[in-house]
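Breakdown of the fold
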Amino acid sequence: MIKTLPLSQRLAGAQHKVIAAALLLLGAASACSSIAPNLGANANADANNTLAPLSDQMLEDVLSVMPQLIEPRLNSIQFGPNVDELDIIAARTLAKAGYGIQRVTADQGINFFIANQFKNEAGINTMRVSIGELEVTRVYATEDGNIIPAGPFELAGTRITINPALSLLGSTVSNNAIVNNVEYTSIAPIDGGIPTISLLSNDIIQGVVDQATTAPGLTSINSTKLEVKNRFYDVAGTFSNLINDRERVAREVIIFPNDSMRLGEQGKQRINKLLNQFSEASDLINVIGCSNGTTRLAIGNEGLALGRANRITEELLTLGVPNRSILDDACWSEDSTGVDFPNRGVVIDLMRSET
Amino acid sequence: MNNIRRQIAAVFLTMPILALLFGCQSTPDVEPYLPRINSTADTMAGMSKAELDNLQLVSTNLVSALLQLRETNPSTTTLQVSTPGTAFGNLMIRALEEAGYSVQHVSADQGLNYVRYGKRNSETEAGFVVDYDLSIGKVTLRREYITNRSGIFPSSLMSIVGSQSASTVVLDDSIFTEQGGNDLFISGVETDNASQRSEIKTVQVKDYDLTPDDKRTTQQILLGNTRKQQLGRTVASININDYTRMRRAVLIFDTRTTNIMGRGNKRAISLLAREYQPNDVYSITACTDADGEDESAFTRAVRVQEEFMGHEIPSKAITFAPCIRASFRHTSDNSPVPVTIEQLRRKN
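In this text, all values refer to a predicted model and were calculated from it rather than measured experimentally.

Moving on, we get to the pairing of strand S7 (residues 153-156) of chain A. Residues and elements named next belong to chain A. With 3 bridges joining them, strand S5 (residues 134-143) and S7 adopt antiparallel strand pairing. The partner of Glu135 across the bridge, within S7, is Ala156. Relative to strand S8 (residues 182-185), S7 runs parallel, the two being bridged by 4 bridges. Note that in S8 the partner of Glu154 across the bridge is Glu183.

Right, here's the structure in full:
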């Protein structure tokens, strides 16, 4: 059954339709005349990623120290395809500073950019920027509606000295020595770990066949998941190609207690002493963890040697030494005679390239 | 009734005024044509979508050739650009960004790889043609184009001057044929070096080549594919018997379709690259399919190659190993996939 409306109502309906049509046309006209901001192809990929107020200032403050860490004119920063608002601000800021900006389709490049804004365990606003294996983090507070730094710059993956007073918000905390400061730390752990990199050379394969099963292993995996040769048998070591043309400019030997991996205060001081001479641009640090002689531990000499080297590597990373600068090596045997290395210690050599 | 008529008349009288005020008809969304940084949208004011599309085809055509030249490889070349003052400039910089070049913004004409470009109108025996060029360092690319009812088409060979690898450039002119029409154009490269020759062909465009807008090859896809193919072509071809195997790592990609490598895999490559010696070769096995044809595996291999090149490892130090049949994978299987890398050292 079809209902028929009275004429007045039908006319009123027509009137509304005409006005609605006019409004639609008006809306379309005004919408298509605007020029969309150029936020990139996937700028709104994550609509829920809303920024905290003044996060742009936090980001710009962190980015303002980048030229002290990475030379702008000689370096490019890579941005992935799914850019968010922080990426857009960062790309503009870094381009203005003179960096090359490279748009990549995935996570290509040694200077791949990631910015994260979050609240730390204490609930304080934190900005962290990663560029490749370098990380800069700082916490911020709000005072009278303005953002001000609430902690020092935390640098990870580098030992380069920076002047925090030259940062964008440096002047706001110039009278606060604790905040206007730099601390070195290690970069965040890698989710899922690093793939193991094994050795394949023929002498290793032949050696494995020749060795009795009870003898010390010829190789093992170090802290960076790289297979290394046992320096008890191979005096030159796994990294000889990398250090042969370098000069040893310093050596520290850290002795560990029997069956222990505890570094101790004295050990930490020795590492700091060595790092005072470390130059990121020219140096590699060769860490040789050793355990020779009898041990009561189930992990054996191999575990102890690698564990000790790992403990030193960990300490170096915590103090900001880049991972690429550390060569983590080891020697182990049940026989403690005729070994060039300490029986229960770690030798740390600072190897400098003349070039 | 009169009241309604009056309202209808008023609305329709207002329309032209509104249209004039908002200039709706000729203002397309210009975002896809603009560089991501330092764009000048005002240079596109009054231009139609068709005009912008034509300029985009030209810039894509020139940049797809540029990225194949050894001297201007995007993996190793940082370009310097000024803020564009024309619509063509905006489109050119956008194309360079899409091709994967690192772009540095400079205030004047600083830098070894400063980008220069131009557009000139010419009256020739063939009628009105427009001549577009792009120069970076000593390399200059130039081509003439003609506009007709169907769109824009090349009307000359692409001239490449100042490059030692111009003859290796493969032009993908399919972006022009997709416009349809009834036309004929010449495709190929002419160089300033008589010893460099490239294939020259005639391309016939037919009405049935006309492709709907949403099905056409986008700039991003064309430049991405060209770059991928180019990277794949530059890898070394080696005799494995001349080398000793040194190290091996197996990277895991989260899915069959992803190109994201992740921090762990990136760290592994960085450690492998740290031990690089001149004459070393990294052999990449990405393909584990039985039939030896796997586009996504090739993409992963190129991704690993790019990562090595980021560590300044030359492309001649990288080789793609043939497919090995590791296990059966259904085409819909999107579980993690391995990519094996072996570091090989040349025997003395």
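What follows picks up the thread again.
Here we take up the domain arrangement of chain A. Residues and elements named next belong to chain A. Under the domain assignment used here, chain A contains domain 1 (13-184) and domain 2 (202-353). Each side of the interface is counted separately: domain 1 has 6 residues, and domain 2 has 9 residues. Taking both sides of the interface into account, the surface hidden between domain 1 and domain 2 amounts to around 610 Å²; carbon and sulfur atoms contribute 44%. Inspection of the domain 1/domain 2 interface yields 6 residue pairs in polar contact (both at pLDDT 80 or more).

This paragraph deals with the domain arrangement of chain B. Segmentation of chain B into domains returns domain 1 (31-216) and domain 2 (240-346). Computed over C-alpha atoms, the centres of domain 1 of chain B and domain 2 of chain B are 33 Å apart.

If you look at soluble globular proteins, the nonpolar side chains tend to sit buried side by side. All names here are of chain B. Of all hydrophobic cores here, the largest spans 51 residues; its most connected members are Leu62, Tyr132 and Leu141. Top contributing element to this core by residue count: helix H2 (residues 49-66), with 8 residues. With residues near it in sequence (within four places) discarded, Leu141 still touches Leu62, Ala65, Leu66, Leu69, Tyr132, Asp133, Leu134, Met158, Ser159 and Ile160.

Attention now goes to the side chain of Glu280 of chain A. Residues and elements named next belong to chain A. For Glu280, the location among the structural elements is in the loop between helix H7 (264-275) and strand S13 (283-292). The exposure class of Glu280 is buried, given its relative accessible area of 18%. Here Ile160 takes part through its backbone nitrogen, which lies 3.5 Å from a polar atom of the side chain of Glu280. Sequence-distant contacts of Glu280, that is, excluding residues within four places in its chain, are made with Gly157, Thr158, Arg159, Ile160, Pro322 and Arg324.

Turning next to helix H3 (residues 87-98) of chain B. Over its 12 residues, H3 of chain B extends 17 Å from the first C-alpha to the last, a length consistent with the 16 Å expected when each residue adds 1.5 Å. Judged by how many residues are buried, H3 of chain B sits mostly within the fold: 12 of 12 residues are covered.

The rules behind these values
Residues numbered from 1 in each chain as written. Chains lettered and ligands numbered in written order. Predicted model: local features only at pLDDT ≥ 70, side-chain atom pairs only at ≥ 80, totals over all residues. Heavy atoms only, no water. Pairing = 2+ DSSP bridges. Helix = DSSP H or I, 4+ residues; strand = E, 2+ residues; numbered from the N terminus. Domains from an automatic or database assignment. Contact = heavy atoms within 4.5 Å. Buried area = accessible area lost by both parts, 1.4 Å probe. Polar contact = N/O pair within 3.5 Å; in protein donor to acceptor, adjacent residues only side chain to side chain. Core = buried A, V, L, I, M, F, W, Y, C linked by side-chain atoms within 4.5 Å. Buried < 20%, exposed > 50% of the residue type's maximum accessible area, 1.4 Å probe, protein only. Expected span 1.5 Å × (residues − 1).

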